[in-house]
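Each chain, letter by letter, is given below.
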Amino acid sequence: METLLNPSKTPNLFIPKTHLFKPYFLHSNFNPQPHSSFNRRPVSITITCKVKTSQGRKNDGKNISKKIVLTDSAPELSNEEIKAKPKGGGKAWGVIKKFPKRVLAILSNLPLAIGEMFTVAGLMALGTAIDQGESPEYYFQKYPEENPIFGFFTWRWVLTLGFDHMFSSPVFLGTLILLGTSLMACTYTTQIPLVKVARRWSFLQSADSIRKQEFSDALPQASVSDLGVILMGAGYEVFLKGPSLYAFKGLAGRFAPIGVHLAMLLIMAGGTLSATGSFRGSVTVPQGLNFVMGDVLGPTGFLSTPTEAFNTEVHVNKFYMDFYDSGEVSQFHTDLSLFDMNGKEVMRKTLSVNDPLRYGGITIYQTDWSFSALQILKDGEGPFNLAMAPLTINGDKKLFGTFLPVGDTDSSNVKGISMLARDLQSIVLYDKQGKFAGVRRPNSKLPIEIDGTKIVIVDAIGSSGLDLKTDPGVPAVYAGFGALMLTTCISYLSHAQIWALQDGTTVIVGGKTNRAKAEFPDEMNRLLDQVPEIVESSISKKPDNIGG
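Conventions and cut-offs
Residues numbered from 1 in each chain as written. Predicted model: local features only at pLDDT ≥ 70, side-chain atom pairs only at ≥ 80, totals over all residues. Heavy atoms only, no water. UniProt positions renumbered as here; feature names shortened; annotations may be inferred. Helix = DSSP H or I, 4+ residues; strand = E, 2+ residues; numbered from the N terminus. Buried < 20%, exposed > 50% of the residue type's maximum accessible area, 1.4 Å probe, protein only. Polar contact = N/O pair within 3.5 Å; in protein donor to acceptor, adjacent residues only side chain to side chain. Contact = heavy atoms within 4.5 Å. Axes fitted to C-alpha atoms, helices over the stretch in contact; angles between N-to-C directions. Parallel < 35°, antiparallel > 145°, perpendicular 65-115°, else oblique. Left-handed = near helix turned anticlockwise from the far one by under 90°. Nonpolar A, V, L, I, M, F, W, Y, C, P; charged D, E, K, R; others polar. Patch = residues over 30% accessible without salt bridge, like charges linked within 9 Å, V, L, I, M, F, W, Y side chains within 5 Å. Areas by Shrake-Rupley, 256 points an atom, 1.4 Å probe, with all protein chains shown as cover. Salt bridge = Lys/Arg side-chain N within 4 Å of Asp/Glu carboxyl O. Lys, Arg positive; Asp, Glu negative; His and termini not counted. Charge placed at Lys NZ, Arg CZ, Asp CG, Glu CD.

Under the annotation held in an unreviewed UniProt entry, the protein chain carries the name ResB-like domain-containing protein and is attributed to Gossypium laxum. Database annotation for the protein chain, UniProt heading Subcellular location (unreviewed entry): "Membrane".

Written as structure tokens, this is what we have:
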């Protein structure tokens, strides 16, 4: 009811006389006594009065109507009044009900998510800089308290925060979980509602609303039905309701952000599973010897669970190397046989660098090599296997050596022939005085006599350096990256919406898009140019409802 009273003046109310009640009925102490012969019925009176105010000239002749309901019994309570208001805990209950929404709003905050991503990236970079999985003594020496890095970073930071196993440390996993929670909150509070809105048919009934869109135009002597046919041919989903039209295309672009979030969650879940549920191990095995996979593999986290494949026995049939013309090593090869618990060979493969062996969820990589033993003939006797020991030299070059005693081996000053090798293709020999005696190739069968001893180099036995691991999170990580690439490309698809309204013989058209805003007007003009011009009689015969 429009208010006509002027607070500066007291209104002069003229209440007409009535024979239904006395004036004292309106008094605050009115307390009617019920009579047994009458039912309780409310009395309804309508009072009409004129109120003169400072604006009375404009409002002359206007009446204010009120309806007063009188009853001799108490009025019924409304639903709101019936509900008991909580005492004391009302505010606390309201805070509890709003708490999940506030938490979701905080977690879905974009700056927070960006900060979490940078934190994860920083921890990953730190995990790359700090050697992982070493013994505590290693960190004591590399990060001593006497000479801290940046003035504060010592071994205490590494071991206390778990940076020696960064990718399974509580700090890294906690940050990863927080980032995943933010992604889920953003998907729930932002992306899913956007998709729901995009899928909803939205008809605009006002020409002004259509003209306010990013693109708008008017087609004189046109039919909204013909426009719908043109839009359907351009790949739009078209809906007609009377004179109104709504069309859209590229809805997949609205789903893409949800797919991006899910792909990132899949990658993080796979990475977490790899860090906490894997096994790792390395071994150097001489040619001809065996090892059991389970004896080499060690767990990396609390989710690591061994499988039946851990009982598989691996036999190194042969190890050999390929060389460049310059003599440098070009490739390592290891011929492996796998046997089950019954001694049956279940698999055989020659692996090399970048060509691993996979069996039962376990992957064996060729990573290194060593010189195990040198097989020789001494004065026609043998063969004898001389163990080759690695020697420390400057640089990254490998050097191995062995010693063949000559003469009295019980003497405190034993002398003999020294043999050195950098790889498996040539052996350098020195006499008892340490003078160079010659070079021989294994398997050449060419003898050499040194200090009266005839020696033949029969074979050079190498050792294969193998890395073993299980990584249950790899399929999830690969699937996540594949989905991430796909959904990222889909997210660049434009979601375009078009509205139209038949206004007499004119069609008012408007539209908008979330991407490709520069190309959208050109596309719209091209489509509108295809709409045929028709006469009024044709417009009057168009159907009322068409769905596409």
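**Looking at the UniProt feature "transmembrane region" (unreviewed entry) in the protein chain**
In the numbering used here, UniProt assigns the feature "transmembrane region" (unreviewed entry) to residues 103-130, 171-190 and 251-273. Structurally, residues 171-190 comprises 100% helix and 0% strand, and the distance from its first C-alpha atom to its last is 28 Å.

**Observations regarding the side chain of Ser 244**
Looking at the element boundaries, Ser 244 is found in strand β5 (residues 244-249). Among the residues examined, Ser 244 registers a relative accessible area of 0% and is labelled buried. Only 3.0 Å separates the side chain of Ser 244 from the side chain of Gln 205, close enough to count as a polar contact. Leaving out residues up to four positions away in the same chain, Ser 244 has contacts with Phe 203, Leu 204, Gln 205, Phe 239, Ala 500 and Leu 501.

**Focus: the packing of helix α10 (residues 252-276) against helix α12 (residues 474-490)**
Running from N to C, α10 and α12 point in directions that differ by 160°, and their axes come no closer than 8 Å. Of the possible angle classes, the one that applies to α10 and α12 is roughly antiparallel. In this structure, α10 crosses over α12, and the sense of that crossing is left-handed. On α12, the residues that touch Ala 252, Gly 253, Ala 256, Gly 259, Val 260, Ala 263, Met 264, Leu 266, Ile 267, Gly 270, Gly 271 and Ser 274 of α10 are Val 474, Ala 476, Val 477, Ala 479, Gly 480, Phe 481, Ala 483, Leu 484, Thr 487, Thr 488 and Ile 490. Partitioned by chemical class, the residues of the contact of α10 with α12 number 15 nonpolar, eight polar and no charged.

**Notes on the side chain of Ser 278**
Note on placement: Ser 278 falls in the loop between α10 and β6 (279-286). Here Ser 274 takes part through its backbone oxygen, which lies 2.4 Å from a polar atom of the side chain of Ser 278. Ignoring sequence-local partners within four residues, the contact set of Ser 278 consists of Leu 273, Gly 298, Pro 299, Thr 300, Gly 301, Ser 304, Thr 470, Asp 471 and Pro 472.

**Regarding a positive patch on the surface**
Taken together, the side chains of Lys 97, Lys 98, Lys 101 and Arg 102 define a basic patch exposed on the protein surface. Relative accessible area serves as the criterion here: at 65%, Lys 101 is assigned to the exposed category.

**A short note on unusual backbone geometry**
Cis geometry is adopted by the peptide bond preceding Pro 383, which originates at Gly 382 and carries an omega value of 10°. Structurally, Pro 383 can be placed in strand β14 (residues 381-387). Phi is positive for Asn 443, close to 70°, though the residue is something other than glycine. By the element assignment, Asn 443 lies in the loop between β19 (436-440) and β20 (448-450). The backbone phi angle of Ala 516 is positive, close to 50°, even though this residue is not glycine. By secondary structure assignment, the location of Ala 516 is in the loop between β23 (506-513) and α13 (520-528). Classification of Ala 516 as partly exposed rests on a relative accessible area of 38%.

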